Amino acid sequence: MHTLLILSAFLMLLSIVFAADENGVNVPPTDQVLKSLKKDHPRLMASQADFDRLAKQFKEDKHFIAVADKLIKAANKIIDEPASEYVIPDGKRLLATSRRVMERVYTLAMAFHLTQDRKYVDRCWAELETAAAFVDWNPSHFLDTAEMTTAFALGYDWLYHQWSDDQRKTIRNAIVRHGLAAGQKAYDQPMWWTKAEHNWNQVCNGGLIMGALAIGDEEPGISAKIIQQAATRMPLAIRHYGPDGAWNEGPGYWAYATRYTSRPLEALKTAMGTDFGLSKISGLSNAGKFPLHFVGTSGLSFNYADAKANWDGAPDIWWFASRYNQPDLAAIQYPHAIKKPHALDLLWGTFGQTAPQIGKDVTPDAYFRITEVATFSTRPGDTRGMFAGLKSGDSKANHSNLDLGSFVLDSDGQRFILDLGPDNYNLPDYFGKARWTYYRLRAEAHNTLVIGPDDQPDQDPKAAAKITRYESNADRGFAITDLSAAYQHGKSVTRGLWFDRKNNYVLLQDQIVTESAKDVWWFAHSEASIEPSPDNRAAKLILGGKQMTMRLIAPADAKFTFGKAQPLPTSPNPEGQAKNKATRIAIHLPNTTDTRIVVIFTPGDVVAPKLKVVPLKDW
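Quick notes on the rules
- Residues numbered from 1 in each chain as written.
- Predicted model: local features only at pLDDT ≥ 70, side-chain atom pairs only at ≥ 80, totals over all residues.
- Heavy atoms only, no water.
- Helix = DSSP H or I, 4+ residues; strand = E, 2+ residues; numbered from the N terminus.
- Buried < 20%, exposed > 50% of the residue type's maximum accessible area, 1.4 Å probe, protein only.
- Contact = heavy atoms within 4.5 Å.
- Phe/Tyr/Trp six-rings, centres within 6.5 Å; stacked < 30°, edge-to-face > 60°.
- Lys NZ or Arg CZ within 6 Å of the ring centre and 35° of its normal.
- Core = buried A, V, L, I, M, F, W, Y, C linked by side-chain atoms within 4.5 Å.
- Salt bridge = Lys/Arg side-chain N within 4 Å of Asp/Glu carboxyl O.
- Pairing = 2+ DSSP bridges.
- Axes fitted to C-alpha atoms, helices over the stretch in contact; angles between N-to-C directions.

**Q** Any chance you could explain the side chain of Lys518 here in plain terms?
**A** Tracing the backbone through its elements, the reader meets Lys518 in strand β11 (residues 505-526). On the basis of relative accessible area, Lys518 is assigned to the buried category, the value being 14%. With residues near it in sequence (within four places) discarded, Lys518 still touches Ile451, Gly452, Asp454, His489, Leu589, Pro590, Asn591 and Thr592.

In structure tokens, the structure reads:
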């Protein structure tokens, strides 16, 4: 029995290493993993030379000063705030506290290096000393532990020479006791996230890598084990950026997962001179390009899955711009860095008299394979033209909603057709058996089709759909997706989105054939004020002083209806959950077996062209 256990453990380790090797990753054995660790501090993402450079810029470079001053003001505000407390408001997550501590450490440490004012060190110590005394960092929800470990790693490393021996000991002991030891216990059990292929992988493993790198020379035993185990597991998730850089959990989780990919990889590079090949995993080099295409003219993201639409940028985009020589990416982070700079914006970004621009060779449209998302725009980075996104994909992906076929639409800087976004994660069994009873997660709450709404759930949670055709040129782009697998009674269900740059319109076309007569619903959601035409076959949407017109081309006898965004009477949870301000725009076709629904959207005063409707196969 003892021999079998040893063999089983060996085979498990071998499988992890082999999987890593398939991705081009080469993590040394535990006794060699810290061999190249630098002894000096700072070494996590930055050296003392980097901070000296920034301090010089803060004295001499007026463009840099204008940005850095905003970070200093944020640091000064923290000075007067109390240290974070151990609070688990929902009974499950310490995450808000962990994130607050981390962002305060980033800000205060950078403020010190810019100014050399000890008040920022003292306030950072108050934050770390308080959190070091916590009973734990809530390892049952390990994201909390990982983010707090990152905070302590940064505080220890970036301010290493400002701490006393006793302060270093306190921070170091907390990293070991609450961070690395808890991580090793998770690997030994193992906890489920150690084999995850979504954001939990990068956050948990990446956070532990940061902690281990910070104290690796002083606590080499546990640090080496952590780095070896974490680095061999990260490819399980990182490979899902492939092939085109998208993330199937949605833009919000793209930012979260990417934060704990780029930063640990950079820390490995600066601390040890190597990231073991993790940055070369296929698809990762394209990840920075994803925000080029998922942010609309409204400045909002195409928020499929459990994602909110707001987009405040990500300083990690600078890392992609530098690491993979993609200067166009600077243009999409620059305005966010100017408005509300993060410490990493200052470390990784560049600020001059003029803002960087997206190059003319960047395509206005994009198709992200595997994730199965297509986006279209008048011009990349445009804030005035039109933007549309179409979602296909796999409903089994982590954080997925029943949103196959959903779309969003921007025009003139406004989000005219929106996604309602996620509901409250603390709802009973939100990620379990009750998930598909919650309105916002169901197809009826998205801009897609519902067929036979008495069927529950209203899309198959195990369905996967692909974009079967995608084309793009200077005049127009389009994508067609086969949604048949999503509907129990859908014999053939296809949706096409046509984005016409030359004639300035967007057309959405559905072709539906059912096995028997069924009610068919077409849904779209908007926060615009709506002025329907007398025959309810057209409507003017007015939002932010801008307007867009939508017109129903087919079927000839159908009409739009307008009402509150709320569950259908047949919904398993008719009371709904999170409130919203949206109007639900619907087309209801009862007793339908074969139909085509065609809707055209035009911006401003543009008159919709007279079009001959052709089958999707002829697009």
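Once you've had a look at it, read on.
**Q** What's the story with the packing of aromatic side chains in this structure? I'm lost.
**A** Geometry of an aromatic ring pair is reported as the spacing of the ring centres plus the angle between the planes. Scanning the model with the defined rule gives 38 aromatic pairs in all. For the pair Phe294 and Trp311, a centre-to-centre distance of 5.0 Å together with 90° between the ring planes defines the contact as edge-to-face. One end of the pair, Phe294, is in helix α12 (residues 290-294); the other, Trp311, is in the loop between α12 and α13 (316-323), with 17 residues separating them in the sequence. Their ring planes at 35° and their centres at 6.1 Å tell us that Phe376 and Tyr470 sit as a pair that is tilted. Residue Phe376 is found in strand β2 (residues 373-377), and its partner Tyr470 is found in strand β8 (residues 464-472); the two are separated by 94 residues along the sequence. Note that Arg99 overlies the ring of Tyr256, its terminal NZ or CZ placed 4.7 Å from the centroid. Against the face of Tyr160 rests Arg168, its NZ or CZ located 4.2 Å from the ring centre.

**Q** Could you clarify how one ought to interpret the nonpolar core in this entry?
**A** Within the largest apolar cluster, 130 residues are counted, with the highest numbers of intra-cluster contacts made by Met45, Met110, Leu114, Phe152, Trp158, Leu213 and Trp254. Leave out the neighbours within four places in its chain, and Leu213 touches Leu37, Arg43, Leu44, Ile227, Ala267, Leu268, Ala271 and Met272. The next biggest cluster of nonpolar side chains, apart from the first, holds 43 residues, and it includes Ala463, Ile467, Ile512 and Ala528.

**Q** I tried to follow the pattern of salt bridges on my own but got confused; where do I start?
**A** Side-chain pairs of opposite charge can arise whenever the charged atoms involved come near each other. Enumeration according to the criterion identifies 28 salt bridges in this entry. Among the salt bridges present, the one from Glu81 reaches Arg104, with a minimum N-O distance of 2.9 Å. Within this pair, whereas Glu81 is found in the loop between α3 (62-79) and α4 (95-115), its partner Arg104 is found in helix α4, the two being separated by 23 residues in sequence. Owing to a relative accessible area of 27%, Glu81 belongs among the partly exposed residues under this scheme. Accessibility expressed as a relative area gives 9% for Arg104, which makes it buried.

**Q** Got a minute to help me understand the sheet that holds strand β3 (residues 386-391) in this structure?
**A** Hydrogen bonds between backbone groups are what pair the strands of a sheet, and the pairing can be parallel or antiparallel. If you trace the five strands from one edge of the open sheet to the other, you get β1-β2-β3-β5-β6, paired in antiparallel fashion. Looking at strand neighbours, the two that pair on one side only are β1 (366-368) and β6 (414-417), the edges of this open sheet. Strand after strand, the sheet turns through a mean of 15° between neighbouring axes, direction not considered. As defined by bridge partners, strand β5 (residues 407-411) adjoins β6 across three bridges and the pair is classed as antiparallel. Residue pairing in the sheet places Leu409 in a bridge with Ile417 of β6.

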